[in-house]
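Below, each chain spelled out in residue letters.
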Number of protein chains: 2
Amino acid sequence: MELKQALEQLETLQKKLYAYQCASSSLYLDSVTVAPKDTAQGRGVALGILAGEQHKLFAGPEVGALLDVLGERGEELTFSQRRQVEELSRRWRQISRIPAQEYMEYARLTNEASDVWHKAKEGNDFAAFRPVLEQLVAFNRKFAGYYDPDKAPYDALLNEYERGVDTAYLDRFFAAVRDKLVPVIRAIGEREQPDDSFLYLEYPVQGQRELADYLMEVMGLDRAHCGLGETEHPFTLEFNNRDVRITTNYDEHNLASSLYSVIHEGGHARYELNIQDDIQYTCLAGGVSMGVHESQSRFYENLIGRSLPFVRAIFPKLQELFPAQLGKVTAEQFHRAVNRAQPSLIRIEADELTYCLHIMVRYEIEKQLIGGTLEVKDVPETWNRLYKEYLGVDVPDDTHGCLQDSHWSGGSFGYFPSYALGSAYGAQMLRNMEKEFDVWGPVGRGDLSQVSAWLKDKVHQYGGLLTPAQVVKNACGDFDPSVYTDYLVQKYSELYRL
Amino acid sequence: MELKQALEQLETLQKKLYAYQCASSSLYLDSVTVAPKDTAQGRGVALGILAGEQHKLFAGPEVGALLDVLGERGEELTFSQRRQVEELSRRWRQISRIPAQEYMEYARLTNEASDVWHKAKEGNDFAAFRPVLEQLVAFNRKFAGYYDPDKAPYDALLNEYERGVDTAYLDRFFAAVRDKLVPVIRAIGEREQPDDSFLYLEYPVQGQRELADYLMEVMGLDRAHCGLGETEHPFTLEFNNRDVRITTNYDEHNLASSLYSVIHEGGHARYELNIQDDIQYTCLAGGVSMGVHESQSRFYENLIGRSLPFVRAIFPKLQELFPAQLGKVTAEQFHRAVNRAQPSLIRIEADELTYCLHIMVRYEIEKQLIGGTLEVKDVPETWNRLYKEYLGVDVPDDTHGCLQDSHWSGGSFGYFPSYALGSAYGAQMLRNMEKEFDVWGPVGRGDLSQVSAWLKDKVHQYGGLLTPAQVVKNACGDFDPSVYTDYLVQKYSELYRL
């Protein structure tokens, strides 16, 4: 085959994969935003078929042959083309091992599962979710073997979300985090907590919507290319670097919930919107890994969003929107309130300090579920036991326990650790930024442009052009989790005068 | 090939076509509801590719061969299978003549055109829309030749929307309608108009939303299967018989606009939701033709919705929602107001009597555009001239003139006459209903169940199992446009005491 022809085939293949991705993303987005309640069945039929078509398009031997040809001629390719071939080859090796039938069944299952999970969570009915979760675990155990038969199943799944990461690595990482943070959490437990009751007054949704608009403006998110929707569980979905959607959930009695979810998802969006044009419609478009993605979202949410300078910058707007609720509160009080550290039940509402413990619970459960040492039926009990052990809290019901997150219903096992890794990456990025320029002066004036430009330069622009490890190296230098724990220890020691 | 195998292939093919339809419908729905403004480009890439894949799936010779095999063995097939083969063969003959490249280009063009049209309409800028419209006309002229090279181009397009209908037929139909209605319209012009100023007071959107919910309930539309959204131009979109979406547009200073658009789109939805289960995911799912579809929407909107018994039934709710605006109005005054007949500029706000004249303007222009006797650049002038001639009104600008409808931007040429035909079908259905049961007693109590049951029985359930002509025969008997014109003459003679 001529090189030119092979490269044309490569481009066409990737554009088609992009189109199928758009299709299923659009159907998904619809399903969690405006679709009527009882419509999962027909959508499941469509999603199953589209997944099958996508599988047929990509998993066949002719694609393997094309990638081999291009792989052998790597020296004649541009850097971007070489990375496309590398990345597609990796994915092809995985997907070509999954039988089309199973791939389609799985697509149908995850569509159905989302619906089942929603209802189960609403009704505190784990038993309703259990059979679906059992199937999801079984599929993922099987898929893990397809992805990498040489790895233990959970390691193979972890590698999907963050290449190079495995349980040995995470066990060490989490142990180190735990050793450093648990004493701080204990010490805080003996201190007086700041008053945060004003966060839980009534905050009408309309005002919160205006706040979300304002925050997106502060983050430089162009609304002509970045939509904001409302869903039960906030998320970010990208079609391409000019079409990104974030969602949030407004709680009338919790101001911080949507405030920080918008900044969090806004961080994901900032990443996607900053990816360079010339890798659009290729497999390198989109953030490089879940860990790096979460590093960006949690960077904006916590390192910037929960810093005193940022809170001071946005506080006048908060007071303007909610004069009755915040008129007598100071920016400093607000800052202390949104950094109140206290073991709690709900991950997405957890403070920065105890957040990792929430992740560890999920990590332990996933490790055992996929490892085959824990049965689905025993998840609630294990969940509740680990929450007691790690966080010291009693889980009142599964709605506030093992049914709180959407990830498993979407078939994501091995995703959660990305949040913890991402947090750690972010802390190191901040320290590097601080060495290069004055971060806090502009942030204190509500100007995030330099921060965003640095992240674009070091992280965002590349998409998948660099590997996750290269991006981390680029922005963090040698990864050192102690930077993260030091950051937290320092921050919370100051906040609580430990 | 074994029959069993061929039938399996037939089923798989249709399910795949359904899946692609869902994908592009979902992307379209997103684009007109929540998508950020400047995102058409990336979506266009995806839609173009999906259209190409769909084309590849359906237009190939192997599908022709499959349909031939099944066509020859028609006697061994069920009625439904036979109809599927018939319908698919018809579509295959058309699509297999369209080169894949053109098909994909057209999909990209219509995606882009929607955006261009929106902006052109907003800015009263026909020049901006003109180049796109020129391309759309050129494509449709070419496609007409593919659809049926033996027909004149516009006849071939008309046949797409309502099989068996052509310009000769429509010229006669419209001439008859015009002869009957124009004298009535003239006579009304000399009468005093009823006061309808209360329809244009301020009606807050929230109240109109509650009204829309109420109307959907009255129409028996199950919200678990039928969504309600907001778009500039109201429409109905069906994924399957358990997942239908309607949209409306709330005008704060025009109560009737959304009220009757919800009933209109609700009529389309009623049809789709009533189609039988066992033809879902086949080419027979969905309403049988645009004419029959519009007969249902306009049936609910006008024949029921603008009748005195129905207005009386819903009026207490209207007064409850808008006491300040309607507290002193009577149901009878409201009925007269929503039936005020007066030549006007905007089709979708036109009254039942003058509506057909709006259609005739579009019909004349399409006939000439597709026939090649009118250039796109001359559309505004011709539009304005015909509005003056047919309706006696002066068109102030293209926003309120030839840019008002979305149809052409979506590539629909030959659709408009369906509205007029549908109106005529509906009148005859009503007369047949009245012969069989007491229509107005229950309608006067807000009970539409018998009306809906009759329509389900005669029209809805069949989807495409019967041909359009068979459905019309089933519900109307021999089609006779004079039933429609008699209905209008009688209704408006009474209203205006002519």
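This structure is a prediction, so every number in the text was calculated from the model and none was measured. (Residues numbered from 1 in each chain as written. Chains lettered and ligands numbered in written order. Predicted model: local features only at pLDDT ≥ 70, side-chain atom pairs only at ≥ 80, totals over all residues.)

**Looking at the overall build of chain A**
- Looking only at helices and strands, chain A has 21 helices and 3 strands in total.
- Relative to its length of 498 residues, chain A is compact, with a C-alpha radius of gyration of 23 Å against a globular reference of 23 Å.
- The principal-axis extents of the C-alpha atoms in chain A amount to approximately 70 × 50 × 45 Å.
- Counting over 498 residues, chain A shows a buried share of 50%. (Helix = DSSP H or I, 4+ residues; strand = E, 2+ residues; numbered from the N terminus. Rg over C-alpha atoms; globule rule 2.2 N^0.38 Å. Buried ≥ 20, exposed ≤ 12 C-beta atoms within 10 Å, placed from the backbone.)

**Regarding the relation of the copies chain B and chain A**
- Least-squares fitting of chain B to chain A yields an RMSD of 0.0 Å, with the superposition described by an axial translation of 0.0 Å and a rotation of 180°. In symmetry terms, the pair is related by a two-fold rotation axis. Among all residues of chain B, the minimum C-alpha distance to the rotation axis is found for B:A23, at 2.5 Å.
- When the interface residues of chain B are mapped onto chain A, 97% of them are again interface residues, pointing to one common binding face. (Least-squares fit on C-alpha atoms with pLDDT ≥ 70 in both. Contact = placed C-beta atoms within 7 Å.)

**Some words on the nonpolar core**
- Counting residues in each nonpolar core, the largest one holds 302 residues, and the members touching the most others are A:A23, A:A46, A:L50, B:A23, B:A46 and B:L50.
- Discounting residues that sit within four places of it in the chain, A:A46 has contacts with A:L27, B:Y18, B:A19, B:C22 and B:A23. (Core = buried A, V, L, I, M, F, W, Y, C linked by C-beta atoms within 7 Å.)

**Things to note about the sheet that holds strand β2 (residues 236-240) of chain A**
All names here are of chain A.
- Pairing in this open sheet of 3 strands is mixed, and the strands run β1-β3-β2 from one edge to the other. Either end of the sheet is taken by a strand with one partner, and the two such strands are β1 (226-230) and β2. Each strand axis lies, on average, 20° off the axis of its neighbour in the sheet, ignoring direction.
- One ladder, built from 4 bridges, connects β2 with strand β3 (residues 243-248); its direction is antiparallel. Pairing of N240 across the sheet is with D243, part of β3.
- Its contacts with the sheet put helix α1 (residues 3-33) on β1, β2 and β3, and the angle it makes with β2 is roughly 145°. (Pairing = 2+ DSSP bridges. Axes fitted to C-alpha atoms, helices over the stretch in contact; angles between N-to-C directions.)

**What to know about helix α6 (residues 126-147) of chain B**
Residue and element names in this part refer to chain B.
- With 22 residues, α6 should reach 32 Å at 1.5 Å per residue; the first-to-last C-alpha distance of 29 Å fits that figure.
- By the burial criterion, the buried members of α6 are F126, F129, V132, L133, L136, V137, N140, F143, A144 and Y147.
- Elements in contact with the buried residues of α6: α4 (79-95), α5 (100-122), α7 (153-161), α15 (355-371) and α16 (379-391). (Expected span 1.5 Å × (residues − 1).)

**Details of helix α19 (residues 449-458) of chain A**
Residues and elements named next belong to chain A.
- Within the sequence span of α19, burial applies to V451, S452 and L455. The arc enclosing the buried residues of α19, seen along the axis, measures out at 95°, which places them on a common side.
- Those residues of α19 that are buried are in contact with α10 (255-273), α11 (290-304), α17 (417-436) and α18 (440-444). (Arc of directions from axis to C-beta.)

**Topic: the pairing of β2(A)**
- Across the 5 residues that make up β2(A), a large majority, 5, are buried.
- Linking β2(A) to β3(A), which pair antiparallel, is a turn of 2 residues.

**Considerations on the sheet that holds strand β2 (residues 236-240) of chain B**
Residue and element names in this part refer to chain B.
- Reading across from one edge, β1-β3-β2 is the order of the 3 strands in this open sheet, with mixed pairing throughout. What marks the edges here is a single partner per strand, and that holds for β1 (226-230) and β2. Averaged over all adjacent pairs, the angle separating strand axes in this sheet is 20°, with direction ignored.
- Along the sheet, helix α1 (residues 3-33) makes contact with β1, β2 and β3 (243-248), crossing β2 at roughly 145°.

**A few points about unusual backbone geometry**
Residue and element names in this part refer to chain A.
- One non-glycine residue, N124, lies in the positive phi region at around 50°.
- Given 14 C-beta atoms within a 10 Å radius, N124 is considered partly exposed.
- Phi at Y281 is positive, roughly 65°, even though this residue is not glycine.
- Locating Y281 in the fold gives a position in the loop between α10 and α11.
- For Y281, a count of 22 C-beta atoms within 10 Å translates into the label buried.

**Topic: the domain arrangement of chain A**
Residue and element names in this part refer to chain A.
- The domain architecture assigned to chain A consists of domain 1 (3-149) and domain 2 (167-496).
- Just the C-alpha atoms count here: the centres of domain 1 and domain 2 sit 27 Å apart.
- Facing the 33 residues of domain 1 at the interface are 30 residues of domain 2.
- Looking at the side of domain 1 that touches domain 2 element by element, the count peaks at 10 residues for helix α6 (residues 126-147).
- Partitioning the side of domain 1 that touches domain 2 into residue classes produces 16 nonpolar, 10 polar and 7 charged. (Domains from an automatic or database assignment. Nonpolar A, V, L, I, M, F, W, Y, C, P; charged D, E, K, R; others polar.)

**Section: the interface of chain B and chain A**
- Each partner contributes to the interface: chain B provides 35 residues, whereas chain A provides 34 residues.
- When contributions to the side of chain B that touches chain A are tallied by element, the ones reaching two or more residues are α1, α2 (40-59), β1 and β2 of chain B.
- For the side of chain B that touches chain A, the element with the most residues is α1(B), which contributes 11 residues.

**Side note on the environment of B:K491**
All names here are of chain B.
- If you trace the backbone, K491 turns up in helix α21 (residues 481-496).
- When the 20 C-beta atoms within 10 Å are taken as the criterion, K491 is described as buried.
- Counting along the chain gives 236 residues from K491 to L255, while the straight-line C-alpha distance between them is 23 Å.

**Notes on the environment of B:E62**
- By secondary structure assignment, the location of B:E62 is in helix α3 (residues 61-72).
- Taking the C-alpha atoms as reference points, B:E62 and B:K377, 315 residues apart in sequence, are found 43 Å from one another.

**Observations regarding the packing of α1(A) against helix α3 (residues 61-72) of chain A**
All names here are of chain A.
- Close contact between α1 and α3 brings their axes to 10 Å; oriented N to C, the two are set at 130°. Classified by the interaxial angle, the pair formed by α1 and α3 is oblique. Judged by the sense of rotation from one axis to the other, the crossing of α1 with α3 is left-handed. Note on element contacts: α3 touches α1 through V63, L66, V69 and L70, opposite A6, Q9, L10 and L13. (Parallel < 35°, antiparallel > 145°, perpendicular 65-115°, else oblique. Left-handed = near helix turned anticlockwise from the far one by under 90°.)

**Concerning the packing of helix α9 (residues 205-218) of chain B against helix α12 (residues 308-321) of chain B**
All names here are of chain B.
- The contact between α9 and α12 brings their axes to 10 Å, and the two run at 160°. When the interaxial angle is binned, α9 and α12 end up roughly antiparallel. Considering the relative orientation of α9 and α12, their crossing is right-handed. Contact residues: α9 offers G207, E210, L211, Y214 and V218, while α12 offers I314, K317 and L321.
- Looking at the contact of α9 with α12 residue by residue, the class counts come to 5 nonpolar, 1 polar and 2 charged.

**Structural notes on the confidence of the model for chain A**
- Looking at chain A as a whole, its pLDDT mean stands at 95, while 100% of the residues score no less than 70.
- Prediction confidence for the complex, expressed as pTM and ipTM, is 0.91 and 0.90 respectively. (pLDDT = per-residue confidence, 0-100.)

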